[in-house]
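Here is what each chain is made of, one letter per residue.
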Amino acid sequence: MTDELKDRYDVVVIGGGAAGLNGALMLGRARRSVAVIDAGEPRNAPAEGVHGLLGREGVPPGELLATGRDEVRRYGGHVVAGRVAKAYKRDEAFTVALDDGREVAASRLLVAAGIVDRLPDIPGLAERWGKDVVHCPYCHGWEHRDQAIGIIGTGPMAVHQALLFRQWTADLVFFTHTAPELTADEREKFAARGIRVEEGEIAAVEAEGARMSDGRLVPRQAFAVATRMEARAGFLADLGLEVADHPSGAGTHVPADAFGKTSVPGVWAAGNVTDLMAQVGPAAVAGAMAGALINADLTEEETATAVALHRLGK
């Protein structure tokens, strides 16, 4: 990512993952000037492959992004390495300031900076993240099929996660850890599906399994845990656009409508920054939709200006 950052674009895209790049691709094909600013910290970097993406099943995340960057450049878009510090409105344009002092103006913004997964503070967990500690059955279930899997209970999504992972293995243990107390209905469901419940907190995750706070080792080959997902969007505060708690209770996001439009005119959001549950495919689709609507919004504004000048005989 070595493209030069110019002073002004029609659209600046903040974040160079699937959503941001696909949004930029649509805008480039619409003959809009567009720059993607990317900090180079994709959420799925630890994963070996992207799954559930038709035509690109199992592609390494880095390879998919490299291909996307090349496609954006093919249509005149710029892809720039950098970290956005803040964004604000100046006159009729947005200004995006990078932490290295560079600034760029844009008529519209597409926020696609993604999220950060906050893991429980369990020794050994972070080191195994993306390998034998995972979160999504659709992303990683096949790779851990028929293994001895442990679900680490941390929040309201843990029970749902356990019931889903049961599709991939019959050897499933639910660790209550710090999750809310299981209801009688939840325990009945677990019993009916053959999901064993281990009470108590996990002291550490080891290669052989879960070391409990009482010293016992519960053998497991892999673990699933629902992370707290936090939107990367602190740089939007000066625009009056702040992150909010997601309705699911799973973390924070940038609120936007079904088409990515936020409460701030001229600012769209796409991908995990607004839709915490989106996989790569849906994130890319959301980026494309946002890109198309941004182009339509610019077209409407330009047409209104042209009509006004036409009426003045200019």
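Just so it is clear, the structure is predicted and the values come from calculations on it, not from any experiment.

Conventions used here
Residues numbered from 1 in each chain as written. Predicted model: local features only at pLDDT ≥ 70, side-chain atom pairs only at ≥ 80, totals over all residues. Heavy atoms only, no water. Helix = DSSP H or I, 4+ residues; strand = E, 2+ residues; numbered from the N terminus. Contact = heavy atoms within 4.5 Å. Buried < 20%, exposed > 50% of the residue type's maximum accessible area, 1.4 Å probe, protein only. Pairing = 2+ DSSP bridges. Right-handed = clockwise from strand over helix to strand, strands pointing away. Axes fitted to C-alpha atoms, helices over the stretch in contact; angles between N-to-C directions. Parallel < 35°, antiparallel > 145°, perpendicular 65-115°, else oblique. Left-handed = near helix turned anticlockwise from the far one by under 90°. Nonpolar A, V, L, I, M, F, W, Y, C, P; charged D, E, K, R; others polar.

Chemist: I tried to follow the side chain of histidine 78 on my own but got confused; where do I start?
Modeler: Here histidine 78 shows up in strand S3 (residues 78-81). With residues up to four places along the chain from it excluded, the contact list for histidine 78 reads Asp3, Glu4, Lys6, Tyr9, Val34, Ala35 and Val36.

Chemist: When you look at the pairing of strand S1 (residues 8-14) in this model, what are you seeing that I'm missing?
Modeler: Taken residue by residue, a regular strand's side chains alternate between the two faces of the sheet. Most of S1 sits inside the fold, with 5 of its 7 residues counted as buried. Sheet topology note: the S1/strand S6 (residues 103-111) ladder contains 6 bridges and is parallel. Among the inter-strand pairings, valine 11 is bridged to a residue of S6, identified as arginine 108. Looking at chain direction, S1 and strand S2 (residues 34-38) are connected through 4 bridges and run parallel. Bridge assignment links isoleucine 14 to a residue of S2, and that residue is isoleucine 37. The parallel pair S1 and S2 is bridged by helix H1 (residues 18-29), and the resulting crossover is right-handed.

Chemist: For this particular structure, what's the right way to read the packing of H1 against helix H2 (residues 61-74)?
Modeler: Packed helix pairs are characterised by how far apart their axes lie and by the angle those axes make with each other. H2 packs onto H1 with a crossing angle of 20 degrees between their chain directions and a minimal axis gap of 9 Å. In terms of axis orientation, H1 runs roughly parallel to H2. The element H1 and its partner H2 pack so that their crossing is left-handed. The segment H1 lies against H2, with Ala18, Leu21, Ala24 and Leu25 engaging Leu65, Gly68, Arg69, Glu71 and Val72. Here the contact of H1 with H2 is composed, by residue class, of 6 nonpolar, 1 polar and 2 charged.

Chemist: Got a minute to help me understand the sheet that holds strand S12 (residues 202-206) in this structure?
Modeler: Note: strands within a sheet are paired through backbone hydrogen bonds, in either parallel or antiparallel orientation. Taken together, 3 strands build an open sheet; the order of strands is S12-S13-S14 and the sheet is antiparallel. With one partner strand each, in any of the chains shown, S12 and strand S14 (217-219) form the two edges of the open sheet. Looking at each pair of strands side by side, their axes are set apart by 25 degrees on average, direction ignored. Sheet analysis places S12 next to strand S13 (residues 209-212), joined by 4 bridges and oriented antiparallel. Among the inter-strand pairings, isoleucine 202 is bridged to a residue of S13, identified as methionine 212.

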